[in-house]
Structures are given as C-alpha cells and as structure tokens.
Amino acid sequence: MTLQGKKITLHDMTLRDGMHPKRHLMTLEQMSSIAQGLDQAGVPLIEVTHGDGLGGSSVNYGFPAHTDEQYLGTVVPLMKQARVSALLLPGIGTVDHLKMAHELGVGTIRVATHCTEADVSEQHITQARKLGMDTVGFLMMSHMASAEQLVTQARLMEGYGAHCVYVTDSAGYLLPDGVRERLSAVRDALKPETELGFHGHHNLAMGVANSVAAIEAGATRIDAAAAGLGAGAGNTPMEVLVAVLDRMGLETGVDVWKIQDVAEDRVVPIMDFPIRIDRDALTLGYAGVYGSFLLFAKRAGARYGIPARDLLVELGRRRMVGGQEDMIEDTALTMARQRAAQAGV
Ligand SMILES: C[C@H](O)CC(=O)C(=O)O
Ligand SMILES: [Mn+2]
C-alpha cells in the first residue's frame, strides 16, 4: 500500500494530555512558549485545557494553576497559523463551557466518552455543530470494545453530526493488529467524508507503530505530544512521529527539526519527572488501565502502603474507567485491609 503524499493532520496534545503529568499546574508562560514553538514548527492543531477537558477543575480531577478561560485566552491570540482545540467530557464539561471556548476562538471541539457510551455525546456534538465548530467524537478506552461495538458507537457520533471520530487508546494497551482491526472496521462503516482519528499512548512503546497502523487503516488525524508529554508513559512522541511520517513520504506540514527543538528546549525542561516507560507506566499498558490513573495510583499506593503496580493491576482487573478516580483510594484501602488481615495484623 502506498501512502506517499497522503496528507495527515497532526494534533498536538502537549498542552492538554500533558497537563496530567503536570498535575494541571502548567503556567501561562509555559503554555505560551510551547504553543508558539508548536505553531512555528507548523503543527496545525493544538489542544489546550485542563487534562480532563473543559470544566475539569475539581476535587476529583485536580485543580489547575489557571482556568480554562485563562489558558485559552492566552494561547489563542498568539497563534499565527495553528488552530486551537478543546476537549470536553460530557458530565465534566457543560454546554456553557463549550460556548465559552467557542467565544475565545476555539475552532475544534472534541467530545469524549467512554467507548461504549457515545449516546451521552449527542447534546454537545449537536450544540458544537450549531456553533459552526469542527466537531469530533472521541471514543476513549477503545481496547475495551470490539471492532463491531466501536462501529456502532462511531455511527452514533457521526449521526449526531461529528465531522471526525477518534478511536482512542487511553490505556496504551493496543498493539498494531488491534488498531488496524478497529480502525478498518470504523473506516468502512463511516461516510467517506467523515474523518477518522487515532490517539495513542506509549505505555507499551507502540505509540508510533500504532499511529502508522491507524494511518494504513485510513486515519487522517493523529494525536501526539512533543517529547511525549502526556498521561502514563506519555502520548505518541510528536517529534518521532513527524520524522517517521516524513521518511514514509506522508505530508504533515510539520518541520522535522523545529519540532525536535520544541520537544528538547521547551517541553523536556518543564517535566516534573521523566516521561518514560517505568514499571508503573508499563503496567498501565499491560493491564489496560486508563492513563491518567497513574499519579492517582502512585499517591493512593503510597498512602496505604500498596505498590502502585499492584494497585494498577487491580484497577485493570476491576475494569475501572475514567470518572472513577475516587474509587482508586477506595481500592487501595481495601487492598491494604485485605493484606493486613492475611498477615494477621
Ligand atoms: C480525559 C483523558 O485524558 C482523555 C484522553 O486523552 C484519553 O482518554 O487518552
Ligand atoms: Mn490521552
């Protein structure tokens, strides 16, 4: 199959998924510097919000350094060619948040649901279309659904008016065959004019390979983050993906050298810890656990004396999904009690 000359829209996640490892505490200066670097490197689309999307600021998800209004109001006017997108999870973000983002100049909205719950996206997708926005449906934790189930869910989002539907590997669990199977089925089921997207995590080091598999299956929008800054072992590293796609003859419009410099000079220096496949991040991918649970599990594990890895395996066994962050502490406490009882304490 020749992909030579095919146009791929790269969508940057550094300033949204990258908020998870920053505990949502990025400064406006950090956001501005990275966003301008991405813009100058030719990245066409940049997502900006709390890691859990518009309205994520809460006890459950974490309080950010600034409001979504402040982040968006700072970044949008600085952009010379890039468009800014925002993520919205129904139940966390409201239609009012959507309108606020639109008024601040956000052109693309991505309405995210668990992979079997697309029906909760109807109101937000419909409203975004009414506002004239580029509207995307985003099916999270897609490894938990079969290709057939994803087809049904993607068709729902398309039916509500989504211009593009994403298959999202939130846990970084999928291998290239699983990506190919799911994306091919969804591609075949959607109208030709509806775009297909893929969002990967690098917990099993498959971010780039899975993105290539997604493109081979017909995806035209691919998410990545500079230096991989994102939940777990991070997102697909943008600078690596750009180099690989360039070698394959695909057109991204992103400068191979400039994006490396953004990663190296602007993103790596703001990391609170190295984004790498340590044993806990690897366990996310191996056990199929939601990427943003990582820091919650480390904190709860430390509090109750349970290794984060054991806790993550248990969260995977319980098939816990985004929105159940408050259950992580509960699970750690239960495990600590069970272990104490077994030890006769
Ligand atoms: C709210 C999540 O961080 C969305 C996402 O990036 C994913 O599911 O992956
Ligand atoms: Mn993600």
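Residues numbered from 1 in each chain as written. Chains lettered and ligands numbered in written order. Predicted model: local features only at pLDDT ≥ 70, side-chain atom pairs only at ≥ 80, totals over all residues.

In the annotation of an unreviewed UniProt entry, the chain is listed under the name 4-hydroxy-2-oxovalerate aldolase and assigned to Sphaerotilus hippei. As its UniProt record puts it under Catalytic activity (unreviewed entry), the chain is described as follows: "(S)-4-hydroxy-2-oxopentanoate = acetaldehyde + pyruvate". Looking at the Sequence similarities (unreviewed entry) heading of the UniProt record, one finds this comment for the chain: "Belongs to the 4-hydroxy-2-oxovalerate aldolase family." (UniProt positions renumbered as here; feature names shortened; annotations may be inferred.)

Novice: Can you walk me through helix H8 (residues 238-247) in this structure?
Specialist: An α-helical segment advances 3.6 residues per turn. Residues three or four places apart therefore align on the same side. For H8, the complete set of buried residues consists of Met238, Glu239, Leu241, Val242 and Leu245. Along the axis of H8, the buried positions cluster into a sector of 160 degrees, meaning they face one direction only. Of the surrounding secondary structure, the elements contacted by the buried residues of H8 are strand E1 (9-12), helix H7 (207-216), strand E8 (221-224) and helix H9 (256-267). Residue Gly249 follows H8 closely and has a positive phi angle near 85 degrees. (Buried ≥ 20, exposed ≤ 12 C-beta atoms within 10 Å, placed from the backbone. Helix = DSSP H or I, 4+ residues; strand = E, 2+ residues; numbered from the N terminus. Arc of directions from axis to C-beta. Contact = placed C-beta atoms within 7 Å.)

Novice: Explain the domain arrangement of the chain to me, please; I cannot follow it from the model alone.
Specialist: The domain architecture assigned to the chain consists of domain 1 (9-270) and domain 2 (292-342). Placing a centre on the C-alpha atoms of domain 1 and another on those of domain 2 gives a separation of 27 Å. Each partner contributes to the interface: domain 1 provides eleven residues, whereas domain 2 provides eight residues. When the residues that make up the side of domain 1 that touches domain 2 are grouped by side-chain class, the tally is five nonpolar, five polar and one charged. (Domains from an automatic or database assignment. Nonpolar A, V, L, I, M, F, W, Y, C, P; charged D, E, K, R; others polar.)

Novice: It is not clear to me how the UniProt feature "domain: Pyruvate carboxyltransferase" (unreviewed entry) in the chain should be interpreted in this structure. Could you clarify?
Specialist: When the UniProt feature table is mapped onto this chain numbering, "domain: Pyruvate carboxyltransferase" (unreviewed entry) sits at residues 8-260. Strand forms 16% of residues 8-260 and helix 37%; the C-alpha atoms that close the span are 18 Å apart.

Novice: I'm lost on the nonpolar core in this one. Help?
Specialist: For soluble globular proteins, nonpolar side chains are generally found buried alongside one another. Core analysis: the biggest nonpolar cluster contains 105 residues, and Ile109, Leu139, Val165, Ala226 and Ala297 have the highest contact counts within it. Both domains that meet at this core, namely domain 1 (9-270) and domain 2 (292-342), each give it at least three residues. With sequence-adjacent residues up to four places away left out, Leu139 is seen in contact with Thr113, Cys115, Ala118, Leu150, Gln153, Ala154, Val165, Tyr166, Val167 and Thr168. (Core = buried A, V, L, I, M, F, W, Y, C linked by C-beta atoms within 7 Å.)

Novice: Can you walk me through the UniProt feature "active site" (unreviewed entry) in the chain in this structure?
Specialist: Feature annotation in UniProt places "active site" (unreviewed entry) on His20, given in this structure's numbering. Of note, His20 is situated in the loop between E1 and helix H1 (28-41). Sequence-distant contacts of His20, defined by excluding residues within four places in its chain, comprise Gly51, Gly230, Ala231 and Ser292.

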